[in-house]
Amino acid sequence: MASLALAASVIMLFILLIGPFTVLLSKIGIPSFIVYLFSILSILSGVWFISIFLPIWYIGLFPIYCGYISIKKANSKNDK
C-alpha cells in the first residue's frame, strides 16, 4: 500500500508542477520548440486528470491554463 501511495503522490506532484515549470521555461527564454512540447505535455496531463472523474477533477484545469499561457508567451516572443 505504501508503493501505491507513493505512486499517487508522484502523479499529483507531476500534475501540479508541470504547468508552472512550463511557464517558467517560457519566461527564461528557452527555445519555442521546447516550450511547445512541454505545453502540450501540460495540457494533455491536465485533460487526462480531468477525464479520470475524481471529485478533484478541477485540479486538471491548472496545468491546462499554464500550458495555454506558455504557448501565448512563446508566440509573442516569436512575433518580435
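Quick caveat, the model's predicted, so the values are computed rather than measured.

Engineer: For this particular structure, what's the right way to read helix 2 (residues 32-51)?
Structural biologist: In an α-helix there are 3.6 residues to a turn, and that puts residues three or four apart on one side. Here helix 2 contains 20 residues, and its C-alpha end-to-end distance of 28 Å stays within 8% of the 28 Å for a straight helix at 1.5 Å per residue. Buried within helix 2 are the following residues: Ser-32, Val-35, Ser-39, Ser-42, Ser-45, Gly-46 and Phe-49. Taken down its axis, helix 2 places every buried residue within 150 degrees of arc, on the same side. Summarising the geometry of helix 2, the exposed residues directed more than 90 degrees from the buried face are Phe-33 and Leu-44. Just beyond helix 2, the residue with positive phi is Phe-53, at close to 55 degrees.

Engineer: Please clarify how the packing of aromatic side chains should be interpreted in this entry.
Structural biologist: Here the distance between the centres and the angle between the planes together describe a pair of aromatic rings. Using the criterion set out here, one finds 3 aromatic pairs in the structure. Where Phe-21 meets Phe-38, the ring centres are 5.4 Å apart and the plane angle is 75 degrees; that geometry is what we call edge-to-face. Highlighted residues: Phe-21 in helix 1 (residues 2-28) and Phe-38 in helix 2, separated in sequence by 17 residues. Using a relative accessible area of 39% as the deciding quantity, one classes Phe-21 as partly exposed. Judged by its relative accessible area of 27%, Phe-38 is partly exposed.

Engineer: Before we go on, may I ask you to explain the packing of helix 1 against helix 2 in this structure?
Structural biologist: Packing of helix 1 against helix 2 leaves a shortest axis separation of 9 Å and a crossing angle of 150 degrees. With respect to each other, helix 1 and helix 2 are oriented roughly antiparallel. Crossing of helix 1 over helix 2 shows left-handed handedness. Contact with helix 1, carried on its side by Ile-11, Met-12, Phe-14, Ile-15, Ile-18, Gly-19, Phe-21, Thr-22, Leu-25 and Ser-26, involves Val-35, Phe-38, Ser-39, Leu-41, Ser-42, Ser-45, Trp-48 and Phe-49 of helix 2 and no other residues of that element. For the contact of helix 1 with helix 2, the residue count by class is 12 nonpolar, 6 polar and no charged.

Cut-off values and rules
- Residues numbered from 1 in each chain as written.
- Predicted model: local features only at pLDDT ≥ 70, side-chain atom pairs only at ≥ 80, totals over all residues.
- Heavy atoms only, no water.
- Helix = DSSP H or I, 4+ residues; strand = E, 2+ residues; numbered from the N terminus.
- Expected span 1.5 Å × (residues − 1).
- Buried < 20%, exposed > 50% of the residue type's maximum accessible area, 1.4 Å probe, protein only.
- Arc of directions from axis to C-beta.
- Phe/Tyr/Trp six-rings, centres within 6.5 Å; stacked < 30°, edge-to-face > 60°.
- Axes fitted to C-alpha atoms, helices over the stretch in contact; angles between N-to-C directions.
- Parallel < 35°, antiparallel > 145°, perpendicular 65-115°, else oblique.
- Left-handed = near helix turned anticlockwise from the far one by under 90°.
- Contact = heavy atoms within 4.5 Å.
- Nonpolar A, V, L, I, M, F, W, Y, C, P; charged D, E, K, R; others polar.

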